[in-house]
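Each chain, written out:
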Amino acid sequence: MEMETWWNASWGAVLGLLIGSFLNVVIYRLPKMMERRWTEEVQAMQAPAAQADTSPAHPEPERFNLMVPRSRCPSCGHLVQWYENIPVVSYLFLRGRCSACKARISVRYPLIEMATGALFFFCIQRWGVTATGIAWCGFSAALVALAFIDWDTTLLPDDITLPLLWAGLLSSALQWIAVPLHASVFGAVAGYLSLWLVYWGFKLATGKEGMGYGDFKLFAALGAWFGWQALVPIILMSSVIGAVIGIAMKIFSSLREGGYIPFGPFLVGAGFTAMVFGPHAILDTVLKLLSL
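This section reports on the structure supplied with the text. (Residues numbered from 1 in each chain as written. Predicted model: local features only at pLDDT ≥ 70, side-chain atom pairs only at ≥ 80, totals over all residues. Heavy atoms only, no water.)

Helix length check: helix H9 (residues 231-251), at 21 residues, gives a terminal C-alpha distance of 30 Å against a target of 30 Å (1.5 Å per residue), a fit within 8%. Where H9 is concerned, the buried positions are Leu-231, Pro-233, Ile-234, Met-237, Ser-238, Val-240, Gly-242, Gly-246 and Met-249. Of the residues one or two after H9, Ser-253 is the one with positive phi, at around 55°. (Helix = DSSP H or I, 4+ residues; strand = E, 2+ residues; numbered from the N terminus. Expected span 1.5 Å × (residues − 1). Buried < 20%, exposed > 50% of the residue type's maximum accessible area, 1.4 Å probe, protein only.)

Structure, rendered in C-alpha cells:
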C-alpha cells in the first residue's frame, strides 16, 4: 500500500509538471486577453462615432487565446517546438536559452513547473487518487496562477477566482473536503465582506484604494475552501508575510513605482500553508512570530 501511494503521487507530480507548463501560458496570456477584451469593449462603446469616420478600417487582430498562436521566443519569434516544451527537461537541455537566437529563458518557467509538480505530489500523497486529492490539485493550480499573475500585473482575474470560489463550495457540498457546507458558505461571505469593509474604510479615510476587488474574491474563495474559522489565521499570516517582504523590498530599494505590493501572492502563501499544515497551525506560527 505504501508503494502504491508513492507511485500514484509520483504520477501526480508528472501531471503537475505538465499542468505547470500550461500555467506558464495562462500567467502570460490571460492578462493580455483581458486587456484585449477591455479594448474591444471600449471600441464597441465608441462604435457610433467610428461609423461616421471615413478612414480605412483597421485590420482584424490576430487570434490570441490560451491555445493560439503557438508559443514563440519573444526575442526572435522562433516557434517553440514540442520537444523544446517538455517541462524542466527542455529547459535543462537548452541550458536556459532559445535554440535559435540563444536569448536567455527566464528560470521562472521551470520553477513554476516544479512547484506545481511538488504541490500535486503532496496532494496525491496525502489524499490519494480521490475526489479530495484531485480537488486540492485544482486548488493548488489555481493559486499558483493567481499568485504570479497578481505579482506581474496586480490583476486577479475573475476567470480564476470565481471558479475557485464555486469549486470550494461544490467540494464542500459533495463532502470532498472536510469543511461543512454552512462553514464554507459563511467563509465565502465573510471573506468577501471583511476585505470589502477594509477597502472602503481605507478609501474613506485616505481617499486612496488600498487593494483591488480581486483580493476580496480570492479571500472569499479561501473562506469557501477552509471555512470561516480559518479566515483570521489566513489574513494574519498573509499580513505578516506581506509586511516582512515589503520591509525587505523597501530596504533594498526594490519597490515598484508607486511603492505598491500586490496582496494576492501573500494570500496565496497563507492558503498553501493552511492546506499543508492546517489553519490552526498558521495561527500558532503567527502568534510565535509576533511574540519574538
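Let's pick the thread back up.
Within the largest apolar cluster, 58 residues are counted, with the highest numbers of intra-cluster contacts made by Phe-139, Leu-164, Leu-222, Phe-226 and Ile-234. Those elements that provide at least two residues to this core are helix H1 (2-45), helix H4 (108-127), helix H5 (131-153), helix H6 (158-173), helix H7 (181-206), helix H8 (213-226), H9 and helix H10 (264-277). The element that contributes the greatest number of residues to this core is H5, accounting for twelve residues. Contact partners of Leu-164, with chain neighbours within four places excluded, come to Phe-139, Ala-142, Leu-143, Leu-146, Leu-218, Ala-221 and Trp-225. (Core = buried A, V, L, I, M, F, W, Y, C linked by side-chain atoms within 4.5 Å. Contact = heavy atoms within 4.5 Å.)

Attention shifts here to the packing of aromatic side chains. Under the defined criterion, the tally for this structure stands at 17 aromatic pairs. Consider the rings of Trp-127 and Trp-136, whose centres lie 5.5 Å apart with planes at 20°: the pair is stacked. Of the residues examined, Trp-136 reaches a relative accessible area of 7% and is grouped as buried. Considering the side-chain rings of Phe-139 and Phe-226, the 5.7 Å spacing of their centres and the 85° angle between planes classify their relative orientation as edge-to-face. You can see Phe-139 sitting in helix H5 and its partner Phe-226 sitting in helix H8, a full 87 residues away along the chain. Counting every residue linked through ring pairs, the aromatic cluster contains Phe-122, Trp-127, Trp-136, Phe-139, Trp-225, Phe-226 and Phe-272. Geometry around Phe-64 places Arg-29 over its ring, the cationic atom sitting 5.4 Å from the centre. (Phe/Tyr/Trp six-rings, centres within 6.5 Å; stacked < 30°, edge-to-face > 60°. Lys NZ or Arg CZ within 6 Å of the ring centre and 35° of its normal.)

Our next topic: the environment of Met-114. Looking at where Met-114 falls in the secondary structure, it is placed in helix H4. Along the backbone, Met-114 and Gly-227 are 113 residues apart, and their C-alpha atoms lie at a distance of 29 Å. In this structure Met-114 touches Leu-17 and Val-88, once residues within four positions along its chain are discounted.

A complete count under the given rule lists four salt bridges for this structure. The closest approach of N and O atoms between Asp-159 and Arg-37, which form a salt bridge, is 3.9 Å. A residue pair is termed long-range when its members are at least 10 positions apart, and Asp-159 in helix H6 and Arg-37 in helix H1 qualify at 122 residues. Taking relative accessible area as the criterion, Arg-37 reaches 34% and is therefore assigned partly exposed. Taking the shortest distance from any N to any O, the salt bridge between Lys-203 and Glu-209 comes out at 3.5 Å. The class of Glu-209 is exposed, set by a relative accessible area of 54%. (Salt bridge = Lys/Arg side-chain N within 4 Å of Asp/Glu carboxyl O.)

Below, the discussion takes up unusual backbone geometry. Residue Pro-69 is bonded to the preceding Val-68 through a cis peptide linkage, with omega at -5°. Mapped onto the elements of the fold, Pro-69 is located in the loop between helix H2 (47-51) and helix H3 (89-93). At Thr-154, a position not held by glycine, the phi torsion is positive, near 60°. Along the chain, the position of Thr-154 falls in the loop between H5 and H6. By relative accessible area, which is 41% here, Thr-154 ends up partly exposed.

On inspection of all chains with the given rule, the structure shows zero disulfides. Cysteine Cys-73 shares no disulfide, and the gap to the nearest cysteine sulfur, in Cys-98, comes to 3.8 Å. A relative accessible area of 5% places Cys-98 in the buried class. (Disulfide = S-S within 2.5 Å.)

This part covers the packing of H1 against H5. In the contact formed by H1 and H5, the axes pass within 9 Å of each other and the chain directions differ by 35°. As for how H1 packs across H5, the hand of that crossing is right-handed. Two secondary-structure elements touch here, H1 through Ile-19, Leu-23, Val-26, Ile-27, Leu-30 and Pro-31 and H5 through Ala-141, Val-144, Ala-145, Phe-148, Ile-149, Asp-152 and Thr-153. Partitioned by chemical class, the residues of the contact of H1 with H5 number eleven nonpolar, one polar and one charged. (Axes fitted to C-alpha atoms, helices over the stretch in contact; angles between N-to-C directions. Left-handed = near helix turned anticlockwise from the far one by under 90°. Nonpolar A, V, L, I, M, F, W, Y, C, P; charged D, E, K, R; others polar.)

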